[in-house]
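Each chain, written out:
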Amino acid sequence: MIRKILVVFLIFNLTACAELQGVIDQLPQSGPISNVEIASGLRQALDLGIDKQVTKLTQEDGFYKNELVKILLPEELQKVDKALRDIGLSSLADEGLKVLNRAAEDAVKEATPIFIDAVKGITFADAKNILLGNDDAATNYLTSKTDTALYSKFNPVIKNSFSKVGADDIWNNLINKYNTLPFTKDVNPDLTDYVTTEALKGVYTMIAVEEKEIRNKIGSRTTDLLRRVFALQD
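Since the model is a prediction, treat every value here as computed from it, not as a measurement. (Residues numbered from 1 in each chain as written. Predicted model: local features only at pLDDT ≥ 70, side-chain atom pairs only at ≥ 80, totals over all residues. Heavy atoms only, no water.)

## Some points on the overall build of the protein
Then, number 1: Looking only at helices and strands, the protein features 11 helices and 0 strands.
Then, number 2: When the helices and strands of the protein are placed in sequence order, the string is α-α-α-α-α-α-α-α-α-α-α.
Then, number 3: Residue burial in the protein is summarised as follows: out of 234 residues, 46% are buried.
Then, number 4: Considering only residue pairs separated by 6 or more positions, the protein has 80% of its internal contacts joining residues 24 or more positions apart. (Helix = DSSP H or I, 4+ residues; strand = E, 2+ residues; numbered from the N terminus. Buried < 20%, exposed > 50% of the residue type's maximum accessible area, 1.4 Å probe, protein only. Contact = heavy atoms within 4.5 Å.)

Put into structure tokens, the structure is as follows:
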């Protein structure tokens, strides 16, 4: 126990790669783990998160039936939803929500190549900071490297998807019905930007779920490399 505490203390205070490697070499394992393996292990963990979690979001109801990432109405439209349900148009309100989530599911298909490029770029210095960081350090790294590119990819896809799945017609109908109700103020929000932003949040949320699993549950480390690398942060 004392040895483990000392090792953890040293890892968090050493900054030079050579010093960190010296500590790593002293850890009980089948053999020394190299800087390259540490970076590879982090890449593998992120690849697993992308493959296991992000792929789910591209399927039908990947967003709509996942309470962690389901896209709800923006605040200015929540009164539209409530008003329609109050007058017996719940099915129309449900359909309005569904097409927003369908558009996000469609857009996420564009994410994988961008994520793959970002993961390939992880250096040992990046990996060291990620490994010894918080439970979402890898997700935060990926967010910083992909957020702008993903927004640029998602936005036009969502705009086109709105047309493809009939969201434009559904929302025009929904909002027009709301705007005809007495004592209401007309609304006309930019749903494309809103859904793009919410879709991005959903993607990073699911990657964070997988990262936390790998960090905190040994059983989720499904390869020898993952087990060896993440043993360093235990």
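## A word on the packing of aromatic side chains
Then, number 1: With the rule as written, the count across this model stands at 1 aromatic pair.
Then, number 2: Considering the side-chain rings of F115 and Y204, the 6.2 Å spacing of their centres and the 75° angle between planes classify their relative orientation as edge-to-face. Of this pair, F115 sits in helix α6 (residues 111–120) while Y204 sits in helix α10 (residues 191–216), and the two are 89 residues apart along the sequence.
Then, number 3: F115 sits in the buried class, given a relative accessible area of 0%. (Phe/Tyr/Trp six-rings, centres within 6.5 Å; stacked < 30°, edge-to-face > 60°.)

## Quick look at the packing of helix α5 (residues 90–108) against α10
Then, number 1: Remark: α5 packs on α10, axes separated minimally by 9 Å, with the N-to-C direction vectors making an angle of 60°. Between α5 and α10, the angle falls in the class oblique. In this structure, the crossing between α5 and α10 has a hand that is right-handed. Between α5 and α10, the residues in contact are L100, A104 and V108 and L191, V195, A199 and V203, respectively.
Then, number 2: In terms of residue class, the contact of α5 with α10 is built from 7 nonpolar, no polar and no charged. (Axes fitted to C-alpha atoms, helices over the stretch in contact; angles between N-to-C directions. Parallel < 35°, antiparallel > 145°, perpendicular 65-115°, else oblique. Left-handed = near helix turned anticlockwise from the far one by under 90°. Nonpolar A, V, L, I, M, F, W, Y, C, P; charged D, E, K, R; others polar.)

## Details of the packing of helix α3 (residues 35–57) against α10
Helices that pack against each other are described as a pair by the angle of their axes relative to one another and the distance between those axes.
Then, number 1: Contact geometry of α3 with α10 gives a least axis separation of 8 Å together with a crossing angle of 135°. In terms of axis orientation, α3 runs oblique to α10. For α3 against α10, the interelement crossing comes out right-handed. Counted together, A45, L46, L48, G49, I50, K52, Q53, V54 and L57 of α3 and G202, V203, M206, I207, V209, E210 and I214 of α10 form the full contact between these two elements.
Then, number 2: Class assignment for the residues of the contact of α3 with α10 results in 11 nonpolar, 3 polar and 2 charged.

## Thoughts on the environment of Y141
Then, number 1: As for its position among the elements, Y141 is in helix α8 (residues 137–164).
Then, number 2: Between the C-alpha atom of Y141 and that of I130, which follows or precedes it by 11 residues, the distance is 7.6 Å.

## Quick look at the pattern of salt bridges
Once the charged atoms of two side chains with opposite charge are near each other, the side chains can pair.
Then, number 1: A full pass over the atoms with the stated rule returns 12 salt bridges.
Then, number 2: For E60, the salt bridge identified is with R102, shortest N-O distance 3.7 Å. Taken together, the residues E60 in the loop between α3 and α4 (75–86) and R102 in helix α5 connect sequence positions 42 residues apart.
Then, number 3: With relative accessibility at 64%, the residue E60 sits in the exposed group.
Then, number 4: Among the charged side chains, a network of salt bridges with common partners joins E60, D61, K65, R102 and E105. (Salt bridge = Lys/Arg side-chain N within 4 Å of Asp/Glu carboxyl O.)

## A short note on helix α7 (residues 124–131)
Then, number 1: Taken residue by residue, α7 has F124, A127, K128, I130 and L131 as its buried positions. End-on view of α7: buried residues confined to an arc of 165°, all on one side of the axis. (Arc of directions from axis to C-beta.)

## Some points on α5
Quick reminder: α-helices carry 3.6 residues per turn. Residues three or four places apart thus point the same way.
Then, number 1: Here α5 is 19 residues long and its end C-alpha atoms lie 28 Å apart, about the 27 Å a rise of 1.5 Å per residue gives.
Then, number 2: Within α5, 14 of the 19 residues are buried, which leaves it mostly tucked inside the rest of the structure. (Expected span 1.5 Å × (residues − 1).)

## Quick look at the confidence of the model for the protein
Then, number 1: Taken as a whole, the protein shows an average pLDDT of 80; of its residues, 80% reach a score of 70 or greater.
Then, number 2: Per-residue pLDDT, averaged within each element of the protein, yields its smallest value for helix α1 (residues 2–13) (36) and its largest for α10 (91).
Then, number 3: In this model residues 1–30 is a low-confidence stretch, pLDDT under 50, and it forms 31 contacts with partners more than four residues away in sequence or in other chains. (pLDDT = per-residue confidence, 0-100.)

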